[in-house]
Amino acid sequence: MSRPRQSEPRRKQLNLSLTERELASIEARAAALGMRAVHFSRALLLRKRRQPQAPRKTPSPAETQPSNVDRLIHSQLVRLGNNLNQMVRHAHRVGGPVPDDLAPLLTDIRALLARLPS
């Protein structure tokens, strides 16, 4: 099954020069969120900022690193999302109803999302 076409394909590039340390930092932050560096960077550059912004305190190293619980929750969400994607693909392929397994899976995903810090 091929990927659906984008309504507005990305054809332009923005090339940045980074130091090794800057690139490593971006890649580490992206990996912590389960993203590729390019997608992480695009999301950061294009996010809308709230006006006005309060001054930020510099986070401590413990605040910037995801905890083991956050990593476990993330890995479980990835697994659940993978299962959900496979079930929906199968339902679309065969044209049948959504499987009965979907409701408990969605309940699990919502419960995990509710536990994540805002």
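This structure is a prediction, so every number in the text was calculated from the model and none was measured.

Criteria and thresholds
- Residues numbered from 1 in each chain as written.
- Predicted model: local features only at pLDDT ≥ 70, side-chain atom pairs only at ≥ 80, totals over all residues.
- Heavy atoms only, no water.
- Helix = DSSP H or I, 4+ residues; strand = E, 2+ residues; numbered from the N terminus.
- Expected span 1.5 Å × (residues − 1).
- Buried < 20%, exposed > 50% of the residue type's maximum accessible area, 1.4 Å probe, protein only.
- Arc of directions from axis to C-beta.
- Contact = heavy atoms within 4.5 Å.
- pLDDT = per-residue confidence, 0-100.
- Axes fitted to C-alpha atoms, helices over the stretch in contact; angles between N-to-C directions.
- Parallel < 35°, antiparallel > 145°, perpendicular 65-115°, else oblique.
- Nonpolar A, V, L, I, M, F, W, Y, C, P; charged D, E, K, R; others polar.
- Core = buried A, V, L, I, M, F, W, Y, C linked by side-chain atoms within 4.5 Å.

## With respect to helix 5 (residues 102-115)
- Look at helix 5: 20 Å from first C-alpha to last across 14 residues, which is about the 20 Å you get at 1.5 Å a residue.
- By the burial criterion, the buried members of helix 5 are Leu102, Leu105, Ile109 and Leu112. Seen end-on, helix 5 carries its buried residues on one side only, within an arc spanning 95°. For helix 5, the exposed residues set more than 90 degrees away from the buried face come down to Ala103, Arg110, Ala114 and Arg115.
- Those residues of helix 5 that are buried are in contact with helix 4 (68-94).

## Looking at the confidence of the model for the chain
- Per-residue confidence for the chain gives a mean pLDDT of 77, with 80% of residues at or over 70.
- At the low end of the mean pLDDT range in the chain sits helix 3 (residues 61-64), at 62; at the high end sits helix 1 (residues 20-32), at 88.

## Quick look at the packing of helix 1 against helix 2 (residues 37-46)
- Running from amino to carboxyl end, helix 1 crosses helix 2 at an angle of 95°, the nearest separation of the two axes being 8 Å. Accordingly, the angle class assigned to the pair helix 1 and helix 2 is roughly perpendicular. On the side of helix 1, the interface is formed by Ile26, Glu27, Arg29 and Ala30, while helix 2 contributes Ala37, Phe40, Ser41 and Leu44.
- Taken together, the residues that form the contact of helix 1 with helix 2 break down as five nonpolar, one polar and two charged.

## Quick word on the nonpolar core
- In this structure, Ile73, Leu77, Leu80, Met87, Leu102, Leu105, Ile109 and Leu112 together form the largest nonpolar core, which totals eight residues.
- Elements that contribute at least two residues to this core include exactly helix 4 and helix 5.
- Those residues in contact with Ile109, other than ones at most four positions away along the chain, are Leu77, Leu80 and Leu84.

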